[in-house]
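Understanding the architecture of this molecule
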Amino acid sequence: MRLAELSRRSGVATATIKYYLREGLLPPGRQVNATTAEYDDEHLRRLRLVRAMIQVGGLPVATVREVLRNVDDESLGRTIRLGAALWALPQVPEPDEDDEYVRAARREADELLDRLGWSNARLLTTISPAYRSLVVAVAAFRRLGYDWDSELLVSYAELMHEAAALDLDFVETRPSEAEKVETAVLGAVLTEPILQALRRLAQEEESARRYGFE
């Protein structure tokens, strides 16, 4: 398809598509002549992914470029490609290791992983942004006087493991390796607000069941 059709089918303005091409977010089309290029369904899929990350996920162009660089790196295995892509997304800053609450939170997080038998996650604690986010959040709770510990976190973690299995079950339905990784990245951007919304709806429902509307 030509640029105009790509724009029509994607709903993205031609000027925006040209910008994405210049920024390396979209691979170049097949050059027909000096002024015309053709695009295919791969471009359409990638364009939709880019738009979702920017418009829905609110990611800056530089972050999207870094994520896509990892998505496209075929020298990496699927787990590493997925991890590298997700780790390029915005993350919390490094916690202050001199903070007693951070140290306590890290002990609880390590104990949690051990109790769950999540040995692979345990190996990645020094580099995992998800682990870092957990430590920062638990430290914040403990600083406010709420003793979130590994025993309390286990039930939440087990529910999240079920959600992760569903995520990857869906990823496995995609036909190509690139689509599998792209779907996982898109899920990281779009599934988070869905899960958050479902949790809040569940809280509303459970609160009304327990306490009514008065």
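Residues numbered from 1 in each chain as written. Predicted model: local features only at pLDDT ≥ 70, side-chain atom pairs only at ≥ 80, totals over all residues. Heavy atoms only, no water.

**Considerations on the packing of helix 6 (residues 100-116) against helix 8 (residues 129-143)**
Helix packing for two helices is described by the angle between their axes and how far apart those axes are. The contact between helix 6 and helix 8 brings their axes to 8 Å, and the two run at 125°. One way to sum up the angle between helix 6 and helix 8 is to call them oblique. With respect to the hand of their crossing, helix 6 and helix 8 are arranged in right-handed fashion. Along its contact with helix 6, which presents Y101, V102, A104, A105, R106, E108, A109, D110, L112 and L113, the element helix 8 presents Y131, L134, V135, V138, A139, R142 and R143. (Axes fitted to C-alpha atoms, helices over the stretch in contact; angles between N-to-C directions. Helix = DSSP H or I, 4+ residues; strand = E, 2+ residues; numbered from the N terminus. Parallel < 35°, antiparallel > 145°, perpendicular 65-115°, else oblique. Left-handed = near helix turned anticlockwise from the far one by under 90°. Contact = heavy atoms within 4.5 Å.)

**Concerning the pattern of salt bridges**
All chains considered together, the criterion is met by 16 salt bridges. The salt bridge involving R30 is made with E38; its shortest N-O contact spans 2.5 Å. Taking the relative accessible area as the measure of exposure, R30 reaches 53% and is therefore exposed. The partner of D110 in a salt bridge is R122, with the nearest N and O atoms 3.7 Å apart. Of the two residues, D110 is situated in helix 6 and R122 in helix 7 (residues 119-123); the sequence distance between them amounts to 12 residues. Under the relative-accessibility criterion, R122 is labelled partly exposed at 30%. (Salt bridge = Lys/Arg side-chain N within 4 Å of Asp/Glu carboxyl O. Buried < 20%, exposed > 50% of the residue type's maximum accessible area, 1.4 Å probe, protein only.)

**Looking at the UniProt feature "domain: HTH merR-type" (unreviewed entry) in the chain**
Within this numbering scheme, the UniProt entry marks residues 1-70 as carrying the feature "domain: HTH merR-type" (unreviewed entry). For residues 1-70, the helix share is 61%, the strand share is 6%, and the end-to-end C-alpha distance is 27 Å. (UniProt positions renumbered as here; feature names shortened; annotations may be inferred.)

**Here's the deal with the nonpolar core**
Judged by nonpolar contacts, the single largest core of 25 residues is most densely connected at L6 and M53. Of all the secondary-structure elements, those providing two or more residues to this core are helix 1 (3-10), helix 2 (14-22), helix 3 (41-56), helix 4 (61-71) and helix 10 (177-211). Here this core spans two domains, since at least three of its residues come from each of domain 1 (3-87) and domain 2 (100-211). Counting residues in each nonpolar core, the second largest holds 13 residues, with A109, L113, Y131 and L153 among its members. (Core = buried A, V, L, I, M, F, W, Y, C linked by side-chain atoms within 4.5 Å. Domains from an automatic or database assignment.)

**What to know about the domain arrangement of the chain**
Considered domain by domain, the chain is made up of domain 1 (3-87) and domain 2 (100-211). For domain 1 versus domain 2, the distance between C-alpha centres works out to 28 Å. The interface of domain 1 with domain 2 comprises 16 residues on the first partner and 18 residues on the second. When domain 1 packs against domain 2, the two sides together hide about 1,500 Å² of surface, and 73% of this comes from carbon and sulfur. Broken down residue by residue, the surface that domain 1 buries against domain 2 is led by R45, R78 and W87, which jointly contribute 41%. Between the two partners, domain 1 and domain 2, sit 0 salt bridges. Between the two partners, domain 1 and domain 2, sit 0 residue pairs in polar contact (both at pLDDT 80 or more). Elements represented by at least two residues in the side of domain 1 that touches domain 2 include exactly helix 3, helix 4 and helix 5 (78-87). The class makeup of the residues in the side of domain 1 that touches domain 2 is 11 nonpolar, 1 polar and 4 charged. (Buried area = accessible area lost by both parts, 1.4 Å probe. Polar contact = N/O pair within 3.5 Å; in protein donor to acceptor, adjacent residues only side chain to side chain. Nonpolar A, V, L, I, M, F, W, Y, C, P; charged D, E, K, R; others polar.)

**Points about helix 1**
Taken together, the buried positions of helix 1 are occupied by L3, L6, S7 and S10. Viewed along the axis of helix 1, the buried residues span an arc of 100°, placing them on a single side of the element. Those residues of helix 1 that are exposed and angled more than 90 degrees off the buried face are A4 and R8. Those residues of helix 1 that are buried are in contact with helix 2, strand 2 (37-38) and helix 3. A positive backbone phi angle near 80° is found at G11, which sits one or two residues after helix 1. (Arc of directions from axis to C-beta.)

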